[in-house]
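These are the residues of each chain, in order.
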Amino acid sequence: MSIQLYFNPLSQPARAVHAILVIGKIPHDLHNIDFMKQEQNTPEYKKISPSGNVPSIVDGDIALFESHTILKYLAKKFKLEKLYPSDIVEQARLDQYLDWHHTGTRNITLVARDFVFYPKFLGKPAPENKDERFKELEWYLTTFEEIFLGNGKHKHILGFDEPTIADLSAVCELVTLFMLNIDLAPHPHLHQYLKHMLSIPEVNQVHQPVFGFTQKFGENLRQEYIDLMK
Ligand SMILES: N[C@@H](CCC(=O)N[C@@H](CS)C(=O)NCC(=O)O)C(=O)O
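In this text the structure is predicted, and so the values were computed from the model without any measurement.

*Asks:* Sorry, what's going on with the overall build of the protein here?
*Replies:* Each helix and strand in the protein was counted, giving eleven helices and four strands. Whereas a compact globule of 230 residues would reach a radius of gyration of roughly 17 Å, the protein reaches 17 Å, a difference of no more than 12%. Projecting the C-alpha coordinates of the protein onto the three principal axes gives extents of approximately 45 × 45 × 30 Å. For the protein, the residues scored as buried account for 51% of the 230 residues in total. Taking all contacts inside the protein whose residues are at least 6 apart in sequence as the whole, residues at least 24 apart take part in 65%. Carbon and sulfur atoms form 53% of the exposed surface of the protein, whose accessible area is close to 11400 Å².

*Asks:* Sorry if this is basic, but what is going on with the pairing of strand 2 (residues 28-32) here?
*Replies:* Every regular strand shows the same layout, with side chains that alternate between the two sheet faces. In this structure, strand 1 (residues 3-7) lies alongside strand 2, joined through five bridges in parallel fashion. Residue pairing in the sheet places L5 in a bridge with L30 of strand 2. Considered for its hand, the β-α-β crossover made up of strand 1, helix 1 (residues 12-23) and strand 2 is right-handed.

*Asks:* Got a minute to help me understand the packing of helix 7 (residues 165-174) against helix 9 (residues 188-198) in this structure?
*Replies:* A pair of packed helices can be characterised by two numbers: the angle between their axes and the separation between those axes. The contact between helix 7 and helix 9 brings their axes to 10 Å, and the two run at 110°. As far as their axial angle goes, helix 9 and helix 7 are roughly perpendicular. Contacts from D167, L168, A170, V171 and L174 in helix 7 reach L190, Y193, L194, M197 and L198 in helix 9. Tallied by class, the residues present in the contact of helix 7 with helix 9 amount to nine nonpolar, no polar and one charged.

*Asks:* What is the right way to read the environment of I33 from this model?
*Replies:* Here I33 shows up in the loop between strand 2 and helix 2 (43-48). A sequence separation of 18 residues divides I33 from S51, and the C-alpha atoms of the two residues are 14 Å apart. With residues near it in sequence (within four places) discarded, I33 still touches Y6, F7, N8, E39, Q40, Y45 and V54.

*Asks:* I keep staring at helix 7 and nothing clicks. Help me out?
*Replies:* Helical geometry: 3.6 residues make up each α-helical turn, so side chains three or four residues apart lie on a common side. Burial analysis of helix 7 places ten of its ten residues in the buried class, the great majority of the element. Of all the positions in helix 7, only I165, A166, D167, L168, S169, A170, V171, C172, E173 and L174 are classed as buried.

*Asks:* How should the domain arrangement of the protein be read in this particular structure?
*Replies:* Where interface size is given, it is often the accessible area lost as the parts come together that is meant. Under the domain assignment, the protein is made up of domain 1 (3-77) and domain 2 (88-228). Just the C-alpha atoms count here: the centres of domain 1 and domain 2 sit 21 Å apart. Across the boundary between the two partners, domain 1 contributes 16 residues, which contact 22 residues of domain 2. The contact between domain 1 and domain 2 buries some 1700 Å² in all, and 70% of this surface belongs to carbon and sulfur atoms. Considering only the surface of domain 1 that becomes buried against domain 2, Q12, R15 and H68 emerge as the three largest contributors, covering 37% of it. Inspection of the region where domain 1 meets domain 2 yields one salt bridge. Among the ionic pairs, K72 bridges to D95, the shortest N-O distance being 3.3 Å. At the junction of domain 1 with domain 2, the criterion picks out nine residue pairs in polar contact (both at pLDDT 80 or more). Those elements giving two or more residues to the side of domain 1 that touches domain 2 turn out to be helix 1 and helix 3 (67-77). Take the side of domain 1 that touches domain 2: its biggest share by element is nine residues, from helix 1. Its residues assigned to classes, the side of domain 1 that touches domain 2 shows nine nonpolar, three polar and four charged.

Procedures and definitions
Residues numbered from 1 in each chain as written. Predicted model: local features only at pLDDT ≥ 70, side-chain atom pairs only at ≥ 80, totals over all residues. Heavy atoms only, no water. Helix = DSSP H or I, 4+ residues; strand = E, 2+ residues; numbered from the N terminus. Rg over C-alpha atoms; globule rule 2.2 N^0.38 Å. Buried < 20%, exposed > 50% of the residue type's maximum accessible area, 1.4 Å probe, protein only. Contact = heavy atoms within 4.5 Å. Areas by Shrake-Rupley, 256 points an atom, 1.4 Å probe, with all protein chains shown as cover. Pairing = 2+ DSSP bridges. Right-handed = clockwise from strand over helix to strand, strands pointing away. Axes fitted to C-alpha atoms, helices over the stretch in contact; angles between N-to-C directions. Parallel < 35°, antiparallel > 145°, perpendicular 65-115°, else oblique. Nonpolar A, V, L, I, M, F, W, Y, C, P; charged D, E, K, R; others polar. Domains from an automatic or database assignment. Buried area = accessible area lost by both parts, 1.4 Å probe. Salt bridge = Lys/Arg side-chain N within 4 Å of Asp/Glu carboxyl O. Polar contact = N/O pair within 3.5 Å; in protein donor to acceptor, adjacent residues only side chain to side chain.

Below, the structure written as structure tokens:
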């Protein structure tokens, strides 16, 4: 039976789940949830995802929301050992990133939401603490490079030989930097990491819609980002 994925291609966590389905060659059907039509808040959808968020999946009798829960479930169910090893120590190491992500890397989207998406598409004024929020974001980017990329020593998060679900979650979030147009020059390890992750065909594939969106709506896009969106 195919996995039913409820998603939106512009959603970072939804792309991460889409990526594991494609990488793992897991049979699946995609159901686009249109935020403009508020489809995430219908009573019918909330039976699947009570939080009213994407991604969510239905697998036979079970419905799940929260991307990291779904990524772990799919990796375990389909024995995608490299993406989420069965060894509990390796799992715990990856869980460190997955937990940190929600209040760490995820800040990229929160800043983009408040300073780009809401003002641009909903006409909502941007908060006044722009300098503070961008400074805080810089701190998270530096911390990501230091702790999780070992300041360039690691090709993948925490030095795993192959990409893991931590990398899938991270790269989907990092791509939102493009809309923020943040200068990557002070973050060479992050730049290198993005280049590598986006060269993985399946990861690149699930990003094509968001690349189209970014090229259409991104303002004064930096050449480094244009080069990454191939
Ligand atoms: N922690 C959740 C975050 C999910 C989330 O924030 N999804 C957003 C899209 S990126 C959403 O569905 N938003 C619906 C809304 O804002 O109404 C996860 O990792 O799955």
